[in-house]
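Architecture at a glance
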Amino acid sequence: MMITREYLLLPANRAFIAFTLAGAFVLNMFPWGRWVGVPDFLALVLVFWNIHQPRLVGLGIAFIFGLLMDIHNGALLGEHALAYTLLSYGATSMHRRVPWFSTRGQMAHVLPLFLLGQLSTLIVRLAVGAHAPGWTYFLESLVCVLLWPVAEFLLLAPQRRAVERDETRPI
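Since the model is a prediction, treat every value here as computed from it, not as a measurement.

Before going further, it helps to spend a moment on the environment of V57. As for its placement among the helices and strands, V57 is situated in the loop between α2 (41-52) and α3 (59-73). Ignoring sequence-local partners within four residues, the contact set of V57 consists of I17, L21, L46, W49 and N50.

Laid out in structure tokens, this is it:
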């Protein structure tokens, strides 16, 4: 029999959420971001926080970060903004359902979101005359889904610890 520990989560710290979003944005700015299969860290963190804290991270923040990514990449203005807004809307719409599932179930729920985000950018690029990138274009979504357990562990870690450590209290 496997014993799992259930934690009561502390309220999310707004500064930590802002730090993780800024850190993901910086990770996206590194030069490896244009390689095949490199995940969109900002999309991963946005989806995570929209599922776990939809009132603190919403569509407006996703849109602003999308515009910043468009400016950084020199992409068509609004390409990432549309994708991140769609991702945030999808994550917010299922924020009550996803946390009840195991990690694998959560991964199955977020995979269509990441694919939808990539599909929206692909449609915008094709509409302005770009060439079709091939099936390896969607590896980014698969890698994001594979990183979901790591993101869940790292981003929820500050909320798991007790405010006051007490050896007699099991929480």
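On to helix α4 (residues 79-93). For α4, which comprises 15 residues, the first-to-last C-alpha distance of 21 Å matches the rise-based estimate of 21 Å (1.5 Å per residue) to within 8%. Of the positions making up α4, those classed as buried are E79, H80, A81, A83, Y84, L87, S88, G90 and A91. Where the residues of α4 are buried, they touch α1 (14-29), α2, α3 and α5 (103-127).

Turning our eyes to something else, we now look at the packing of aromatic side chains. Applying the stated criterion to the full structure yields six aromatic pairs. Pairing F25 with F65 gives two aromatic rings, centres 5.9 Å apart and planes at 50°, and the pair type is tilted. On the criterion of sequence distance, the pair formed by F25 in helix α1 and F65 in helix α3 is long-range, its members being 40 residues apart. What links up through ring pairs into an aromatic cluster is the set F16, F48, W49 and W148.

In a regular helix each residue adds 1.5 Å, so 15 residues correspond to 21 Å; α3 covers 21 Å between its end C-alpha atoms and thus fits that length. What α3 keeps buried is the set A62, F65, G66, M69 and D70. One side of α3 carries all its buried residues, which in axial view fall inside an arc of 145°. Residues I64 and I71 are exposed on α3 and point more than 90 degrees away from its buried face. Backbone geometry just after α3 places G74 at a positive phi near 70°.

How each quantity is defined
Residues numbered from 1 in each chain as written. Predicted model: local features only at pLDDT ≥ 70, side-chain atom pairs only at ≥ 80, totals over all residues. Heavy atoms only, no water. Helix = DSSP H or I, 4+ residues; strand = E, 2+ residues; numbered from the N terminus. Contact = heavy atoms within 4.5 Å. Expected span 1.5 Å × (residues − 1). Buried < 20%, exposed > 50% of the residue type's maximum accessible area, 1.4 Å probe, protein only. Phe/Tyr/Trp six-rings, centres within 6.5 Å; stacked < 30°, edge-to-face > 60°. Arc of directions from axis to C-beta.

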